[in-house]
Amino acid sequence: MDLNVNDLAYSDVIMKTRSEESTINFCRHLGLLRGHVACRRCRRQMAFDINGNRWRCNRCRRTASDHKGTFFSNVHLSKDTVIRFMYLWCKQYCRQVDFQHEFRITSSSTVVEWKNLMRGVCLEHFIRNPVVIGGVGHTVEIVECVRVRSKYHRARRAVHEWVFGAIDIETTEGLVIPVANPDAATVFPLIQQRILPDTTIMSDMWIEFNNFQQIGYTHFVDPVAHAATNHIKSVWQRAKQAHKKRYGTHRQLQSTYLAEFMWRRKFPGDT
């Protein structure tokens, strides 16, 4: 089946999930369900029983769940609901109440849990495929920003949550990562992991960034106009706007929200 999921409209998704069989075939195409299963006893290819949603070995009569070890393990929603939910989340079409109305979900916590799961998938992607930028002839802007502040210093003291951001000017590839502390002991190892050697790094004035040359980078600072970090600060501004739109973010979920932001920026055709 020659199919580009980025070209699908919601009506196409509805058609592809109109029946149990079509939904299963669509899930197999997306890689969410297995297309082949071997019997654990005789190693022969098992046949799929659409009526029982199980794989069966015609020789040993053993069966295997179609969901075990897949995205649908321990999922209580129907597969067609999950696929439609995923599509709407990717396209940012629905608010919380819209999801509940569209899928007849009575519990708001169910929608929250599924949104958390989607962001967890984004985080897992970047754990498996860490973003590495820069290199010879590349310029990377970096910045450290605090995500939480006490407004006017009058509210109860808030915990500062620091974020390290970087963007490759040549490729526009970027990253935003939460860090425990904004010190060189924390940031330098991260830079060495995510920014290739011989990169020209631009930053605003920060005294601990003055030792970049010692770890293989060319460092340029513009302490007056801060023009050298306009690109990454623009990216961070968009991340903060999403944060404010949600009226804040739970600290334990910060990494998943930043992963979602990175995913939507890296794969704009999917959103």
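For the structure, see preceding data.
Rules and cut-offs
Residues numbered from 1 in each chain as written. Predicted model: local features only at pLDDT ≥ 70, side-chain atom pairs only at ≥ 80, totals over all residues. Heavy atoms only, no water. Buried < 20%, exposed > 50% of the residue type's maximum accessible area, 1.4 Å probe, protein only. Helix = DSSP H or I, 4+ residues; strand = E, 2+ residues; numbered from the N terminus. Pairing = 2+ DSSP bridges. Phe/Tyr/Trp six-rings, centres within 6.5 Å; stacked < 30°, edge-to-face > 60°. Lys NZ or Arg CZ within 6 Å of the ring centre and 35° of its normal. Axes fitted to C-alpha atoms, helices over the stretch in contact; angles between N-to-C directions.

Within a regular strand, side chains alternate between the sheet's two faces. Among the seven residues in strand E6 (residues 162-168), six count as buried, and that is most of the element. Sheet topology places strand E5 (residues 139-146) next to E6; seven bridges connect them, and they run antiparallel. Within E6, the position partnered with glutamate 141 by the bridge is isoleucine 167. Taken together, the six bridges between E6 and strand E7 (residues 174-179) define a ladder with antiparallel strand orientation. Note that in E7 the partner of tryptophan 162 across the bridge is valine 179. Once E6 ends, the chain turns through five residues before running back antiparallel as E7, passing threonine 172 with a positive phi of about 65 degrees.

Here the focus is the packing of aromatic side chains. In total, this model carries 11 aromatic pairs according to the counting rule given. Aromatic pair phenylalanine 85 and phenylalanine 103: ring centres 6.0 Å apart, planes at 35 degrees, arrangement tilted. Residue phenylalanine 85 is found in helix H3 (residues 79-91), and its partner phenylalanine 103 is found in the loop between helix H4 (96-102) and helix H5 (108-128); the two are separated by 18 residues along the sequence. Note on phenylalanine 103: relative accessible area 13%, which makes it buried. For the cation-ring pair, arginine 264 lies above tryptophan 89, with the distance from its terminal atom to the ring centre recorded as 4.4 Å.

The next subject is the sheet that holds strand E3 (residues 63-65). With antiparallel pairing, three strands are arranged side by side in an open sheet as E1-E2-E3. What marks the edges here is a single partner per strand, and that holds for strand E1 (47-49) and E3. Across the sheet, the mean angle from the axis of one strand to that of its neighbour is 35 degrees, orientation sign disregarded. Here three bridges tie E1 to strand E2 (residues 54-56), and the two strands are oriented antiparallel to one another. The partner of aspartate 49 across the bridge, within E2, is arginine 54.

Geometric descriptors of this kind do not, in isolation, establish any biological role.
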